[in-house]
Amino acid sequence: MTQSSEKKQLLHLVFGGELASLDGVQFKDLSALDIVGIYPDYATALTAWRSKSQSTVDNAEMRYFIVHMHRLLDPEIK
């Protein structure tokens, strides 16, 4: 049972990989995607995204993304 004082989980997925082209979001190799993790809120996901993005700044084709999983799981939640 959850307590009403607990913060609501708004799950976010952080992942990335090398793009086939800088003009789109198609990945070169889906089997090589880097799944960074799933986080309970946007702020935590943003911290992880910044860290991974900064560590690959020298590779122009490498991109990381934040997916708002909570919007996929329950589209009524904003």
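Refer to the preceding data block for the structure.
The structure displayed is predicted, hence computed values, not measured ones.

Outline the pattern of salt bridges, supporting the account with residue identities and numerical values.
Pairs may arise between side chains of opposite charge once their charged atoms sit close together. Taken as a whole, this structure holds three salt bridges when the rule is applied. Between Lys-28 and Glu-18 there is a salt bridge whose closest N-O contact spans 3.8 Å. Highlighted residues: Lys-28 in the loop between strand 1 (12-18) and strand 2 (34-39) and Glu-18 in strand 1, separated in sequence by 10 residues. Residue Glu-61 is joined to Lys-28 by a salt bridge in which the shortest nitrogen-to-oxygen separation is 2.6 Å.

Give a detailed account of the packing of aromatic side chains, specifying residues and quantitative values.
According to the stated counting rule, one finds three aromatic pairs in the structure shown. For the ring pair Phe-27 and Phe-65, a centre distance of 6.1 Å and an interplane angle of 90 degrees mean the geometry is edge-to-face. With Phe-27 in the loop between strand 1 and strand 2 and Phe-65 in strand 3 (residues 62-68), this residue pair connects regions lying 38 residues apart in the sequence. Taken together through their ring pairs, the aromatic side chains of Phe-15, Phe-27 and Phe-65 make up a single cluster.

Parameters at a glance
Residues numbered from 1 in each chain as written. Predicted model: local features only at pLDDT ≥ 70, side-chain atom pairs only at ≥ 80, totals over all residues. Heavy atoms only, no water. Salt bridge = Lys/Arg side-chain N within 4 Å of Asp/Glu carboxyl O. Helix = DSSP H or I, 4+ residues; strand = E, 2+ residues; numbered from the N terminus. Phe/Tyr/Trp six-rings, centres within 6.5 Å; stacked < 30°, edge-to-face > 60°.

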